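So you can see what is in the structure, the chains are spelled out below.
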Amino acid sequence: MLTLTEIPKSHPRYASLVARERVAEGVKKGYTSTQGLIAQGRGECFDYLLGERTTASAAAAIRAGAALLLLAERPAISVNGNVAALVSEEMVALAAALKIPLEVNLFHRSEERVKKIADLLREKGAEDVLGERPDTSVPGLDHARALATRGGIYDADVVLIPLEDGDRCEALLAMGKRVIAIDLNPLSRTAKKATVSIVDNILRAVPQLTEEVRQLSNKPLSDLEKILNEYDNQETLAGAVQEIRDHLDEQFRKGSD
């Protein structure tokens with residue numbers, strides 16, 4: 001089996017293979033759950049249907065997400081095991097660009113896993129990592145994802161929840177928060193409920209989101225509000241579904257040539 005360092009960049013499935021190896025390595029190191037492997041495979045399937053590229057609808061959502069984060073008074077970022085495995089360094093860069101905390105939040109929670117993820121984020125340069133000592137909970141959830149920290153997700157007005165389950169998305173919305181999701185499935189409950197749904201691979205989405213934050217950070221608030229006001233999440237999801245159809249049609253046409 002190829003290791004991460006042995007995967008040649010010329011391989012046509014390079015990005016996909018790298019993602020698989022990162023998640024597998026995360027399981028070995030203890031910050032990703034074995035269930036996360038299933039979630040990764042499910043996401044990879046949708047990425048393949050999208051053509052493994054950032055589509056026009058995803059680019060629009062990324063820009064809207066950046067505007068929403070910059071307009072927020074108390075934004076926060078949630079990190080789970082798969083996020084830690086795939087984009088820990090990139091998440092640290094995004095948090096630094098926004099000067100906001102990262103908060104570890106896990107469904108299959110153990111204090112050991114939380115500490116490993118928090119330590120990994122600090123190792124990558126994070127200055128403000130929450131989640132090791134939750135002091136409150138999100139109403140309406142009966143599992144470990146309800147655990148939250150004051151000064152982080154619990155008090156945030158905007159929360160970025162990449163690779164998330166729909167129930168916590170709904171619970172956060174019920175608290176009056178606005179939610180940015182990164183989810184490759186445009187039909188998922190998370191994608192359909194979120195304020196802004198980025199239908200893209202997290203490996204591509206987070207660096208682009210960080211770049212958008214940097215580019216928009218000096219814009220007047222009126223420009224950011226205009227970007228957000230012109231954004232329609234249902235239209236974006238419909239666009240993502242159409243982009244999948246278009247990609248499939250293109251592949252079938254190529255196969256019949």
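Residues numbered from 1 in each chain as written. Predicted model: local features only at pLDDT ≥ 70, side-chain atom pairs only at ≥ 80, totals over all residues. Heavy atoms only, no water.

1. Points about the side chain of Lys-177
What counts is decided by this rule: Under the scheme used here, helices are H or I runs from DSSP no shorter than 4 residues and strands are E runs no shorter than 2 residues, and both carry numbers assigned from the N terminus. Three exposure classes are used, based on accessible area relative to the maximum for each residue type with a 1.4 Å probe and protein chains only: buried under 20%, partly exposed in between, and exposed over 50%. Counted as positive: Lys and Arg. Counted as negative: Asp and Glu. His and the chain ends are not counted at all. Within this document, salt bridges are pairs made up of a side-chain nitrogen of Lys or Arg and a carboxyl oxygen of Asp or Glu, the two lying within 4 Å of each other. Pairs of N or O atoms within 3.5 Å make up the polar contacts considered here, provided that, within protein, one atom can donate a hydrogen while the other can accept it, and that residues adjacent in sequence are counted only when both atoms are side-chain atoms. Note on contacts: a residue pair qualifies if any of its non-hydrogen atoms lie within 4.5 Å across the two residues.
Looking at where Lys-177 falls in the secondary structure, it is placed in the loop between helix H6 (166–174) and strand S7 (178–182). The buried charged residue Lys-177 lacks any salt bridge partner; its closest oppositely charged side chain belongs to Asp-155, at an N-O distance of 6.2 Å. Here Ala-156 takes part through its backbone oxygen, which lies 2.7 Å from a polar atom of the side chain of Lys-177. Contacts of Lys-177, omitting those with residues within four sequence positions, involve Ile-153, Tyr-154, Asp-155, Ala-156, Asp-157, Val-159 and Leu-172.

2. Overview of the sheet that holds strand S1 (residues 75–79)
To be explicit about the condition: Here a strand pair is declared whenever DSSP counts at least two bridges between the two strands.
With parallel pairing, the 6 strands of this open sheet are ordered in space as S3-S2-S1-S6-S7-S8. Looking at the sheet topology across the chains shown, the edges are occupied by strand S3 (129–130) and strand S8 (196–198). As paired strands, S1 and strand S6 (residues 158–162) are joined by 3 bridges and run parallel to one another. By the bridge assignment for S6, Pro-75 is matched with Val-158.

3. Points about H6
For H6, the set of buried residues is Gly-166, Arg-168, Cys-169, Ala-171 and Leu-172. Those residues of H6 hidden inside the fold are in contact with S1, S6, S7 and helix H7 (189–193). Positive backbone phi, approximately 95 degrees, marks Gly-176, located one or two places after H6.

4. Examining the packing of helix H3 (residues 56–71) against helix H8 (residues 202–216)
How we decide: Lines fitted to C-alpha atoms define the axes here, with helix axes fitted over just the stretch in contact, and angles between the N-to-C directions of these axes take values from 0 to 180 degrees. Angle categories are assigned with fixed cut-offs, so that under 35 degrees is roughly parallel, over 145 is roughly antiparallel, 65 to 115 is roughly perpendicular, and the rest are oblique. The sense of a crossing depends on the near helix, which, turned anticlockwise from the far helix by less than a right angle, makes the crossing left-handed and, turned clockwise, makes it right-handed. Any residue that is not Ala, Val, Leu, Ile, Met, Phe, Trp, Tyr, Cys, Pro, Asp, Glu, Lys or Arg is counted as polar, Gly included; the first ten are nonpolar and the last four charged.
At a closest axis distance of 9 Å, the pairing of H3 and H8 adopts a crossing angle of 55 degrees. Classified by the angle their axes make, H3 and H8 are oblique. The element H3 and its partner H8 pack so that their crossing is right-handed. In contact with Ile-62, Arg-63, Gly-65, Ala-66, Ala-67, Leu-69 and Leu-70 of H3, H8 contributes Ala-205, Gln-208, Leu-209, Glu-212, Val-213 and Leu-216. For the contact of H3 with H8, the per-class residue count stands at 9 nonpolar, 2 polar and 2 charged.

5. Regarding the pairing of S6
Regular strands have side chains that alternate between both faces of the sheet. This is how the line gets drawn: Orienting the strands away from the viewer, one traces the path from the first strand over the helix to the second; a clockwise path indicates a right-handed crossover.
Of all 5 residues in S6, 5 are buried, a share of seventy percent or more. Of the two faces of S6, the one carrying Val-158, Leu-160 and Pro-162 and the one carrying Val-159 and Ile-161 are both buried. As judged from the 5 bridges shared by S6 and S7, these two strands associate in the parallel manner. Residue Pro-162 lies in a different strand from S7, and its bridge partner there is Ile-182. As a crossover connection, the stretch from S6 through H6 into S7 is right-handed.

6. A look at the UniProt feature "binding site: ATP" (unreviewed entry) in the protein
To keep things clear, this is the line we draw: UniProt positions are given in the numbering used here, feature names are shortened, and annotations may be inferred rather than shown by experiment.
In the numbering used here, UniProt assigns the "binding site: ATP" (unreviewed entry) feature to Arg-20, Arg-42, Asp-183, Leu-184, Asn-185, Arg-189, Thr-190, Asn-201 and Ile-202. As for its placement among the helices and strands, Arg-20 is situated in helix H1 (residues 14–29). The partly exposed category is assigned to Arg-20, whose relative accessible area is 40%. Mapping Leu-184 onto the fold places it in the loop between S7 and H7. A relative accessible area of 12% means that Leu-184 is categorised as buried. Apart from the residues within four sequence positions on either side, Leu-184 is in contact with Gly-43, Phe-46, Asp-47, Leu-50, Val-199, Asp-200 and Asn-201.

7. Here's the deal with the environment of Leu-121
By secondary structure assignment, the location of Leu-121 is in helix H5 (residues 111–123). The buried category is assigned to Leu-121, whose relative accessible area is 0%. Sequence-wise, Leu-121 and Val-104 are 17 residues apart; in three dimensions their C-alpha atoms are separated by 9.5 Å. Residues contacting Leu-121, with those up to four places away along its chain left out, are Val-79, Ser-88, Val-92, Leu-102, Val-104, Ala-126 and Val-129.

8. Let's talk about the nonpolar core
Nonpolar side chains in soluble globular proteins tend to be buried together. What counts here: To define a nonpolar core, start from buried Ala, Val, Leu, Ile, Met, Phe, Trp, Tyr and Cys residues and group those joined through side-chain atoms within 4.5 Å.
In this structure, Ile-77, Met-91, Leu-94, Leu-102 and Leu-121 are the most contacted members of the largest nonpolar core, which totals 50 residues. A total of 10 residues in this core trace back to one element, the largest contributor, which is helix H4 (residues 81–98). Counting 15 residues, the second-largest nonpolar core is a separate cluster that includes Leu-141, Ile-153, Cys-169 and Ala-194.

9. Here we look at unusual backbone geometry
Within the chain, Glu-52 stands out as a residue other than glycine whose phi angle is a positive 50 degrees. Looking at the secondary structure, you find Glu-52 in the loop between helix H2 (35–50) and H3. The exposure class of Glu-52 is partly exposed, given its relative accessible area of 30%. In this model, Lys-99 sits at a positive phi of 60 degrees, which is unusual for a non-glycine residue. By the secondary structure assignment, Lys-99 is in the loop between H4 and strand S2 (102–104).

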